[in-house]
2 protein chains.
Amino acid sequence: MQGYFDYNATTPLHPAARDAWLIASERHWHNASSLYREAATVKHLLDTARERLGEMLGSEPERIVFTSGATESNNAVVHLFAAKEGAVLSSSVEHPSLRTPLQRTLDHRVRFIRACSDTSLDREHFHQQVTEHNPVLVTIMAANNESGTLHPWQEAAKYCKERGVPFHCDASQWIGKMPAQALGQCDYVTGSGHKFGGPKGVGFLVMRDEQEALGFINGGPQEEGRRAGTENYPAIEAMITALEAVTQDLEITTAHQLKYRDAFAKNICREIAGVRLIGGDVARLWNTIMLVLPDHDNRKWLARLSQSGFAISTGSACSAGRDGSSIVLQALGASAEEMQRVIRISSGWETSESDWLALEIALLQVSKSFALKE
Amino acid sequence: MQGYFDYNATTPLHPAARDAWLIASERHWHNASSLYREAATVKHLLDTARERLGEMLGSEPERIVFTSGATESNNAVVHLFAAKEGAVLSSSVEHPSLRTPLQRTLDHRVRFIRACSDTSLDREHFHQQVTEHNPVLVTIMAANNESGTLHPWQEAAKYCKERGVPFHCDASQWIGKMPAQALGQCDYVTGSGHKFGGPKGVGFLVMRDEQEALGFINGGPQEEGRRAGTENYPAIEAMITALEAVTQDLEITTAHQLKYRDAFAKNICREIAGVRLIGGDVARLWNTIMLVLPDHDNRKWLARLSQSGFAISTGSACSAGRDGSSIVLQALGASAEEMQRVIRISSGWETSESDWLALEIALLQVSKSFALKE
């Protein structure tokens, strides 16, 4: 995937996931809810898949509900708490799949926690808001999709648990890139298959306990009555296989990738005057760099890089995004003009040092081509 | 798929669909909403897929919203009309993915249209209910999943259109088995990929027009803002490829399959005293037979047939089903005891005459094995 630097938007299907999907589609395509032998096998494999995922997330498997992806999971959480009275506290840099349903469904009941200028969470403001509003739900993402900034979700989960406040964590960008074992400590966790080498159209929601009803997509008794619809076992199997594959050597991946990325960032900041690295002072995912470039519309940069075979993005593919806006920069109070100059670079598990070097050269070339025209 | 007679629950993945999915996953896995060349290609292929589906359904492609399946589509329609005041009129034999959200969300605003004893729609009662309640929505499925009975949806759609009443048709069991060209005349149409050889986890909802908002799963701007979440292009491409494949020789398939099935039904009704064929007097899908057996719990029949390598089902995999209940028999006022004796047999496009004969022999053997024990 040389030249592909948009892993936070989506990832190529992992070969192990493809094989798992093919085998499942060939042999275990039967309806898991049916009553014959082959169906029972699918049901069994589905249970095993749930156990394997529970193992990785440090969660009882019974808490896991398979969904069509992170967007559905986030909408389902909002739907669940829409029925309860009281405020919902959210970070101000959540993905649109959480932010939009929050605003549409809960409207004036949502309170946003301020972001620090380094895009991390303003802890003091968070504690103050919890005390002031006694919320029915706190939702803070694990790692930001635009800047890669890591949020103190473990600390926040603990803080909420001590006060009896349910805590939801959208861990779509975290899972597969960072150790996931502690996520089971959150009451609710969102995950998405295609962010870590699994297929699109599949994800999950970890719920507080195995009894709690969900009630967003209703119908058949699948997923213990919490998510209706024929179980998509091939995609589920592929998702979990991908997660197992990408997290196998996570420590080594992290060490290497951090080195490549930081060398890239250092060189770019040195060579292109006026570049600003967002979240440069705080812990971030090993794969993400968000830059505010000194001049020219980000779409011009993207187009030229695309011509050279490099795929990067503006803020987020899921933001109202096509106009180049960025939720992170909005939260930091950036101007509209500044938002037109932001780019996001996100690598993957198999990105090599030479891939990063090639991107560096290409980015500097585009920068020079702009300078020449002036 | 010898011995597999549960196509109404799910279908094996069509080889053409598998190939389409593999190619898409290999070459066009990029995020369709991103801004580089490869992403634009995915966007273009997605538009083309939408056009191909529009062609088959007799609908403007812009009316089509891709979803995670029929269950989501049905829930989304209910959500859309939950916001509007007034009664919703529904057939009394809808799939749980429509019936359950209707009851949960609209509760006392739902009015059910009576079923005739042959499981078709009671037209007189339908007209009467429309006049009496002036509903904000009428929803009638195209073909029933348990009995295969065809409903007069074209007539109902016309009747509703003349009165300015929006009409929704869950065509999950119809599409792929019957000519679908006229479905575009309905205001809303639900379809499911895995019912006609496509992958699980993908389906669609045809909407009234291209402008109408949907607002069930919110977040990113995908599907023109009507269904958020990264576009699942590989599954969409596979679904549409499957539909093109299975409908290629639909007339020939229909003629052959009807002959095999009816011969089977005739022999079974002759050989097993007291068998009752549901919907035997009305038009049904060419693949479905619903039988009330003379005695013994249906699960016993299923288990013995499963041992002989045959996969059939009780009412529906999606009904509260595991306890053997049947929405169709409920609507016909059957007793609980009778519902424990129902089986559903549903064949597929590739089911052969000898497959049907083998099932006939197996069913008669099970019947005899019961008789011997008495």
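Note that the structure is a prediction, hence the values are computed from the model and not measured.

1. Quick notes on the domain arrangement of chain A
Residue and element names in this part refer to chain A.
Inference 1: With domains assigned, chain A is organised as domain 1 (15-246) and domain 2 (250-373).
Inference 2: Each partner contributes to the interface: domain 1 provides 29 residues, whereas domain 2 provides 23 residues.
Inference 3: Carbon and sulfur atoms make up 66% of the area that domain 1 and domain 2 hide from each other, which totals about 2100 Å².
Inference 4: Looking only at domain 1, the three residues that lose the most surface to domain 2 are Glu146, Ser147 and Lys177, adding up to 33% of its buried area.
Inference 5: Remark: the boundary between domain 1 and domain 2 carries zero salt bridges.
Inference 6: In this structure, the connection of domain 1 to domain 2 is made through seven residue pairs in polar contact (both at pLDDT 80 or more).
Inference 7: Here the side of domain 1 that touches domain 2 is built from residues that sort into 11 nonpolar, 12 polar and six charged.

2. Some thoughts on the sheet that holds strand 3 (residues 110-113) of chain A
Residue and element names in this part refer to chain A.
Inference 1: Read across the open sheet, the seven strands follow the order 1-7-6-5-4-2-3; overall the sheet is mixed. Each end of this open sheet is capped by a strand with a single partner; those strands are strand 1 (64-67) and strand 3. Neighbour-to-neighbour, the strand axes of this sheet turn through a mean angle of 20 degrees, independent of strand direction.
Inference 2: As paired elements, strand 1 and strand 7 (residues 203-206) share four bridges and run antiparallel to each other. Within strand 7, the residue paired with Ile64 across the bridge is Val206.
Inference 3: Strand contacts of helix 2 (residues 37-57): strand 1 and strand 7, with the helix running at about 115 degrees to strand 1, the strand carrying the most contacts.
Inference 4: Its contacts with the sheet put helix 3 (residues 70-82) on strand 1, strand 4 (137-139), strand 5 (167-170), strand 6 (188-192) and strand 7, and the angle it makes with strand 6 is roughly 155 degrees.

3. Things to note about the interface of chain A and chain B
Inference 1: Facing 62 residues of chain A, the contacting portion of chain B comprises 62 residues.
Inference 2: Inspection of the chain A/chain B interface yields two salt bridges.
Inference 3: Counting every contact that joins chain A to chain B gives 20 residue pairs in polar contact (both at pLDDT 80 or more).
Inference 4: For the side of chain A that touches chain B, the elements supplying multiple residues, two or more each, are helix 1 (15-27), helix 2, helix 3, helix 4 (96-106) and helix 10 (298-307) of chain A.

4. Comments concerning the relation of the copies chain A and chain B
Inference 1: For the match of chain A to chain B, the screw axis carries a shift of 0.0 Å, the RMSD comes to 0.0 Å, and the turn is 180 degrees. One copy is carried onto the other by what is essentially a two-fold rotation axis.
Inference 2: When the interface residues of chain A are mapped onto chain B, 100% of them are again interface residues, pointing to one common binding face.

5. Quick notes on the packing of helix 1 of chain A against helix 1 (residues 15-27) of chain B
Inference 1: Between helix 1 of chain A and helix 1 of chain B, the shortest axis-to-axis distance is 12 Å and the interhelical angle comes to 170 degrees. One element, helix 1 of chain A, and the other, helix 1 of chain B, form an angle in the roughly antiparallel class. Packed against helix 1 of chain A, whose contacting residues are A:Arg18, A:Trp21, A:Leu22 and A:Glu26, the element helix 1 of chain B presents B:Arg18, B:Trp21, B:Leu22 and B:Glu26 at the interface.
Inference 2: A class-by-class count of the residues in the contact of helix 1 of chain A with helix 1 of chain B yields four nonpolar, no polar and four charged.

6. Observations regarding the state of the cysteines
Residue and element names in this part refer to chain A.
Inference 1: Tallied over the entire structure, the rule returns zero disulfides over all chains.
Inference 2: No disulfide involves Cys160; its sulfur sits 9.3 Å from the nearest other cysteine sulfur, which is in Cys186.
Inference 3: Given a relative accessible area of 1%, Cys160 falls into the buried group.

7. Let's talk about the pattern of salt bridges
Inference 1: Counting across every chain of the model gives 40 salt bridges over all chains.
Inference 2: For B:Glu26, the salt bridge is made with A:Arg18, and the minimal N-O distance between the two is 3.5 Å. You can see B:Glu26 sitting in helix 1 and its partner A:Arg18 sitting in helix 1, one on each of two chains.
Inference 3: In this structure A:Arg18 comes out as partly exposed when scored by relative accessible area, which is 25%.

8. Some points on the packing of helix 5 (residues 123-133) of chain A against helix 6 (residues 153-162) of chain A
All names here are of chain A.
Inference 1: With their axes 12 Å apart at the nearest point, helix 5 and helix 6 run at an angle of 20 degrees to one another. By the angle class used here, helix 5 and helix 6 are roughly parallel. Taken as a pair, helix 5 and helix 6 cross one another with a handedness that is right-handed. Contacts between helix 5 and helix 6 involve Arg123, Phe126, His127, Val130 and Thr131 on the former and, on the latter, Glu155, Ala156, Tyr159 and Cys160.
Inference 2: Split by residue class, the contact of helix 5 with helix 6 holds five nonpolar, two polar and two charged.

9. Details of the packing of aromatic side chains
All names here are of chain B.
Inference 1: Per the stated rule, a full pass over the model turns up 24 aromatic pairs over all chains.
Inference 2: Seen from their ring centres, Trp301 and Phe370 are 4.9 Å apart, and the 65 degrees between their planes marks the pair as edge-to-face. Pair noted here: Trp301 is in helix 9 (residues 298-307) and Phe370 is in helix 12 (residues 353-373), with a separation of 69 residues, a long-range link.
Inference 3: The buried category is assigned to Trp301, whose relative accessible area is 1%.
Inference 4: Judged by its relative accessible area of 5%, Phe370 falls in the buried class.

How each quantity is defined
- Residues numbered from 1 in each chain as written.
- Chains lettered and ligands numbered in written order.
- Predicted model: local features only at pLDDT ≥ 70, side-chain atom pairs only at ≥ 80, totals over all residues.
- Heavy atoms only, no water.
- Domains from an automatic or database assignment.
- Contact = heavy atoms within 4.5 Å.
- Buried area = accessible area lost by both parts, 1.4 Å probe.
- Salt bridge = Lys/Arg side-chain N within 4 Å of Asp/Glu carboxyl O.
- Polar contact = N/O pair within 3.5 Å; in protein donor to acceptor, adjacent residues only side chain to side chain.
- Nonpolar A, V, L, I, M, F, W, Y, C, P; charged D, E, K, R; others polar.
- Pairing = 2+ DSSP bridges.
- Helix = DSSP H or I, 4+ residues; strand = E, 2+ residues; numbered from the N terminus.
- Axes fitted to C-alpha atoms, helices over the stretch in contact; angles between N-to-C directions.
- Least-squares fit on C-alpha atoms with pLDDT ≥ 70 in both.
- Parallel < 35°, antiparallel > 145°, perpendicular 65-115°, else oblique.
- Disulfide = S-S within 2.5 Å.
- Buried < 20%, exposed > 50% of the residue type's maximum accessible area, 1.4 Å probe, protein only.
- Left-handed = near helix turned anticlockwise from the far one by under 90°.
- Phe/Tyr/Trp six-rings, centres within 6.5 Å; stacked < 30°, edge-to-face > 60°.

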